[in-house]
Amino acid sequence: MRTFKSLSEREILALAIALEEEDARIYADFADGLRADFPKLADQLIEMRAEEDGHRHRLLTLYRQKFGEHIPLIRRSDVQGFVQRKPVWLARPLGLNVVRKQAETMELETRRFYEKAIQRSSDAGVRQLLGDLAEEERKHSHLLESLSATAFPKRKPPRTRDCSFCK
């Protein structure tokens, strides 16, 4: 297991690509699990999945420009400090509270990852993209808050004490 501080710019971008792919798949799983009872919420979660996929495409484009085609497989479990997520498919039937908590934690963790990654990068293009993505993750958090007001039961802040990116 590596520390975040030991990652190169190339490895940080590879990890960011993996994070966005994982987040997109989780939103798709959420939508699938909630579609029968909450079709409008499921549609909104599919829209968030598409946004995460767009983030991944932007990261891939920049990665290819800077480092070529080979992207090393770096997962959250390979880097110290990431919250370990329980697989969505194990939690059926899927409850609104589970979805809300995990989505809020995902967005917070990813935003803080980008904010810390900016500090580790010296390339202006990389810094700009990471900053843009941090801001988009912040907007996702606000969107989840507004969804929470209409679709989710009364909410508590996400538990993030185990995540070194969330401190």
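Preceding this paragraph is the structure being described.
Calculation rules
Residues numbered from 1 in each chain as written. Predicted model: local features only at pLDDT ≥ 70, side-chain atom pairs only at ≥ 80, totals over all residues. Heavy atoms only, no water. Salt bridge = Lys/Arg side-chain N within 4 Å of Asp/Glu carboxyl O. Buried < 20%, exposed > 50% of the residue type's maximum accessible area, 1.4 Å probe, protein only. Helix = DSSP H or I, 4+ residues; strand = E, 2+ residues; numbered from the N terminus. Phe/Tyr/Trp six-rings, centres within 6.5 Å; stacked < 30°, edge-to-face > 60°. 1 Å grid on protein atoms, 1.4 Å probe; cavity = no way out; pocket = protein on both sides within 12 Å on 5 of 7 lines; lining within 4 Å. Points joined across faces, edges and corners; volume = space filled by probe spheres on them. Nonpolar A, V, L, I, M, F, W, Y, C, P; charged D, E, K, R; others polar.

1. Digging into the pattern of salt bridges
A full pass over the atoms with the stated rule returns 14 salt bridges. Residue E11 is joined to R2 by a salt bridge in which the shortest nitrogen-to-oxygen separation is 2.9 Å. Residue R2 is classed as partly exposed on the basis of its relative accessible area of 35%. Where R49 meets D53, a salt bridge forms, and the shortest distance between an N and an O atom there is 4.0 Å. Here R49 pairs with D53, and both are found in helix α2 (residues 39–67), just 4 residues apart, close to one helical turn. Within the structure, one salt-bridge network assembled from shared partners comprises R111, E115, E135 and R138.

2. Some details on the packing of aromatic side chains
Centre distance and the angle of the planes are the two values used to describe a pair of aromatic rings. Taken as a whole and assessed by the stated rule, the structure comprises 4 aromatic pairs. Centre to centre, the rings of Y27 and F30 are 6.1 Å apart; their planes meet at 85°, and the pair counts as edge-to-face. Placement of the pair is Y27 and F30 together in helix α1 (residues 9–34), with a separation of 3 residues, close to one helical turn. F30 matches Y27 in its accessibility class, with the two residues each being buried. Relative to Y114, the ring of F113 lies with its centre 5.4 Å away and its plane at 55°, an arrangement referred to as tilted. Here F113 matches Y114 in class, with each residue buried. Through pairs of rings, three or more aromatic residues link up here, namely F4, F113 and Y114.

3. Overview of the layout of surface pockets
In this structure, the second largest pocket spans a volume of roughly 230 Å³. In terms of lining residues, the second largest pocket is bounded by E22, R25, I26, D29, R76, Q84, R85, K86, P87, V88, W89 and Q102. Sort the elements by how many residues they give to the lining of the second largest pocket and α1 lands first, with 4 residues. Classifying every residue of the lining of the second largest pocket by side-chain character gives 4 nonpolar, 2 polar and 6 charged.

Read these as geometric descriptors, not functional statements.
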